[in-house]
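# Residue-level structural notes
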Amino acid sequence: GGSGTAMDPPSGAGLGGADPQLQRFIEVETQKQRFQQLVHQMTELCWEKCMDKPGPKLDSRAETCFVNCVERFIDTSQFILNRLEQTQKSKSAFSESLSD
């Protein structure tokens, strides 16, 4: 008898079967894009908040304001990211306990 391998679908067609290095790369790239978006938002937000009068350079007050604003933004983002990770972990654990 002949083996019927010709009829089998190619393995690893889905992303689940993809090269783990490739998956990691995609994750990292996605993170980078998110981070750039965050930085963009942060710059706009802090710029509007701290700049009374647009000028060629920051005065010391605006600079301090900017630094504080950025630091607070980073802290908040970090907090949110941590919360999201925890939520995802507990969600996956939750769905595992639900599935048979």
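As annotated in an unreviewed UniProt entry, the protein carries the name Mitochondrial import inner membrane translocase subunit and comes from Piprites chloris. Looking at the Subcellular location (unreviewed entry) heading of the UniProt record, one finds this comment for the protein: "Mitochondrion inner membrane". In its Subunit (unreviewed entry) section, the UniProt entry covering the protein states "Heterohexamer."

## A few points about the overall build of the protein
From N to C terminus, the protein includes two helices and zero strands. Counting only residues that meet the buried cut, the protein has 11% of its 100 residues in that class. As displayed, the protein offers around 8,900 Å² of accessible surface, 57% of which is attributable to carbon and sulfur atoms.

## Overview of the state of the cysteines
Structurally, a disulfide amounts to a covalent bond that connects the sulfur atoms of two cysteines. Inspection of the entire model under this criterion finds two disulfides. Shown here is the disulfide that connects Cys46 with Cys69, its sulfur atoms set 2.0 Å apart. One disulfide, between Cys46 and Cys69, carries an S-S torsion of -80° and so falls in the left-handed class. Of this pair, Cys46 sits in helix α1 (residues 20-50) while Cys69 sits in helix α2 (residues 60-98); the two residues are 23 residues apart in sequence, bridging distant segments of the chain. Both residues of the pair, Cys46 and Cys69, count as buried.

## Structural notes on the packing of aromatic side chains
Applying the stated criterion across every chain yields a total of one aromatic pair. Relative to Phe66, the ring of Trp47 has its centre 5.7 Å away and its plane inclined at 80°; by these criteria the two rings are edge-to-face. Taken as a pair, Trp47 in helix α1 and Phe66 in helix α2 lie far apart in primary sequence, 19 residues in all.

## Things to note about the side chain of Ser77
Take Ser77: it is sitting in helix α2. Classification of Ser77 as buried rests on a relative accessible area of 13%. Reaching out from Ser77, the side chain makes a polar contact with the backbone oxygen of Phe73 at a distance of 2.8 Å.

## Looking at α1
Since one α-helical turn is 3.6 residues long, residues separated by three or four positions face the same way. Helix length check: α1, at 31 residues, gives a terminal C-alpha distance of 44 Å against a target of 45 Å (1.5 Å per residue), a fit within 8%. Buried within α1 we find Met42, Cys46 and Cys50.

## Details of the nonpolar core
Among soluble globular proteins, nonpolar side chains are generally buried collectively. Of all hydrophobic cores here, the largest spans seven residues; its members are Met42, Cys46, Cys50, Cys65, Phe66, Cys69 and Phe73. Ranked by residues supplied to this core, first place goes to α2 with four residues. Beyond its immediate chain neighbours, meaning those up to four positions away, Cys50 contacts Arg61, Ala62, Cys65, Phe66 and Cys69.

## Quick look at the pattern of salt bridges
This model, assessed by the stated rule, comprises two salt bridges. Between Arg24 and Glu27 there is a salt bridge whose closest N-O contact spans 3.1 Å. Placement of both Arg24 and Glu27 in helix α1 is noted, with a separation of three residues, approximately one turn of the helix. By relative accessible area, which is 46% here, Glu27 ends up partly exposed.

Thresholds applied
Residues numbered from 1 in each chain as written. Predicted model: local features only at pLDDT ≥ 70, side-chain atom pairs only at ≥ 80, totals over all residues. Heavy atoms only, no water. UniProt positions renumbered as here; feature names shortened; annotations may be inferred. Helix = DSSP H or I, 4+ residues; strand = E, 2+ residues; numbered from the N terminus. Buried < 20%, exposed > 50% of the residue type's maximum accessible area, 1.4 Å probe, protein only. Areas by Shrake-Rupley, 256 points an atom, 1.4 Å probe, with all protein chains shown as cover. Disulfide = S-S within 2.5 Å. Phe/Tyr/Trp six-rings, centres within 6.5 Å; stacked < 30°, edge-to-face > 60°. Polar contact = N/O pair within 3.5 Å; in protein donor to acceptor, adjacent residues only side chain to side chain. Expected span 1.5 Å × (residues − 1). Core = buried A, V, L, I, M, F, W, Y, C linked by side-chain atoms within 4.5 Å. Contact = heavy atoms within 4.5 Å. Salt bridge = Lys/Arg side-chain N within 4 Å of Asp/Glu carboxyl O.

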